[in-house]
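Coordinates in review
Spelled out from the first residue to the last, the chains are:
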Amino acid sequence: MAEDPVPTDSPVTSGNVSRRGFLKGAGLGAAGAAILETGLNAVTEASTALAGPAAVGPGRVAVTLNVNGSARKLDIEPRTTLAEALRDDLGLTGTKVVCDRGSCSACTVLLDKTLVVSCMTLAIDVGDRAVTTIEGLAKGDVLHPVQEAFIEHDAMQCGYCTPGMVMSCAALLDRNPSPSLDDVRDAVSGNLCRCGTYPKVFDATLAAARVSRR
Ligand code: FES
Ligand code: FES
């Protein structure tokens, strides 16, 4: 018995049968076939979009982080958090990890001018944003005014929360050189201090603001 001719009127083919030919063979007119083909194309495009960007890993990944003004090359597992990369790979242990789940802000660092909790940030997601840690606040031997004020006002006890607290207060002064007490309270509202140093943190930050405005 003679076989049906293979349709060749569509660029969309699979094996020897075109999609349009199949739809026509199923009893649809040219208009219906065209509509269905358009729908199938839309589904294909949506599936491609849902697939998202190419995955990295599971092996180690080469990344370069811009940390405190220096390009630092790392070879890390994709699951490495920014806090782990800073502390374990780069030896920048000023950034503290306390809760390791995004609830205490001890691990706060800056990505460009945005505060982030580094225990909840994957190092491979940092990209070319500038990372500033507590080690990067001072200019050589000259401490940041907030660091000076924390020392002067004795605004720390065990010190675990202190680097994150200082980062939050320094970022506040950067965006608001004349903060009110409520502004300072708000700025450190996510920084948990189990030792209860808040009153001294408020005093220190307001004092640092006064010094910075001179
Ligand atoms: S250690 Fe990152 S939020 Fe607590
Ligand atoms: S100084 Fe101890 S947790 Fe804040």
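First, a word on what this report is: a plain description of the structure on this page. In this text, all values refer to a predicted model and were calculated from it rather than measured experimentally. (Residues numbered from 1 in each chain as written. Chains lettered and ligands numbered in written order. Predicted model: local features only at pLDDT ≥ 70, side-chain atom pairs only at ≥ 80, totals over all residues.)

Brief notes about unusual backbone geometry
- The residue Asp-100 is not glycine, and still its phi comes out positive at about 60°.
- Secondary-structure assignment places Asp-100 in the loop between α3 (82–89) and β5 (108–111).
- The backbone of Asp-154 shows a phi angle near 55°, a positive value even though the residue is not glycine.
- Topologically, Asp-154 is positioned in the loop between α4 (145–152) and α5 (162–175).
- Given 11 C-beta atoms within 10 Å, Asp-154 falls into the exposed group. (Helix = DSSP H or I, 4+ residues; strand = E, 2+ residues; numbered from the N terminus. Buried ≥ 20, exposed ≤ 12 C-beta atoms within 10 Å, placed from the backbone.)

A closer look at the pairing of β5
- Strand direction decides the pairing type here: β5 and strand β6 (residues 114–117), joined by four bridges, are antiparallel. Within β6, the residue paired with Leu-111 across the bridge is Thr-114.
- In sequence, β5 turns back onto β6 through a hairpin of two residues, with Asp-112 there showing a positive phi of about 55°.
- Sheet topology note: the β5/strand β7 (residues 130–132) ladder contains two bridges and is antiparallel. (Pairing = 2+ DSSP bridges.)

Topic: the environment of Ala-209
- Inspection of the secondary structure assignment puts Ala-209 in helix α7 (residues 198–213).
- Along the primary structure Ala-209 and Pro-145 are separated by 64 residues, whereas in three dimensions their C-alpha atoms are 7.9 Å apart.
- Ignoring sequence-local partners within four residues, the contact set of Ala-209 consists of Leu-173, Pro-177, Ser-178 and Pro-179. (Contact = placed C-beta atoms within 7 Å.)

A word on α3
- Within α3, the full set of buried residues consists of Leu-82, Ala-83, Glu-84, Ala-85 and Leu-86.
- Just downstream of α3 lies Gly-91, where phi reads positive at about 70°.

Things to note about the sheet that holds β6
- Strand order in the open sheet formed by five strands is β4-β3-β7-β5-β6, and the pairing between neighbours is mixed. This sheet does not close on itself; its edge strands, each paired only once, are β4 (70–76) and β6. Here the average twist between neighbouring strands, direction ignored, is 40°.
- Along the sheet face, α3 touches β3 (61–67), β4 and β5 and points at about 100° away from the line of β4.
- The strands touched by α5 are β5 and β6; relative to β5, the strand with the most contacts, the crossing angle is about 40°. (Axes fitted to C-alpha atoms, helices over the stretch in contact; angles between N-to-C directions.)

Considering the packing of α4 against α7
- Closest axis-to-axis distance for the α4/α7 pair is 8 Å, and the angle between their directions is 130°. Between α4 and α7, the angle falls in the class oblique. Every pair of crossing elements has a handedness; the one defined by α4 and α7 is right-handed. Taken together, the residues of α7 that come into contact with α4 (itself represented by Pro-145, Val-146, Ala-149 and Phe-150) are Ala-204, Thr-205, Ala-207, Ala-208, Val-211 and Ser-212.
- Taken together, the residues of the contact of α4 with α7 sort by class into eight nonpolar, two polar and no charged. (Parallel < 35°, antiparallel > 145°, perpendicular 65-115°, else oblique. Left-handed = near helix turned anticlockwise from the far one by under 90°. Nonpolar A, V, L, I, M, F, W, Y, C, P; charged D, E, K, R; others polar.)

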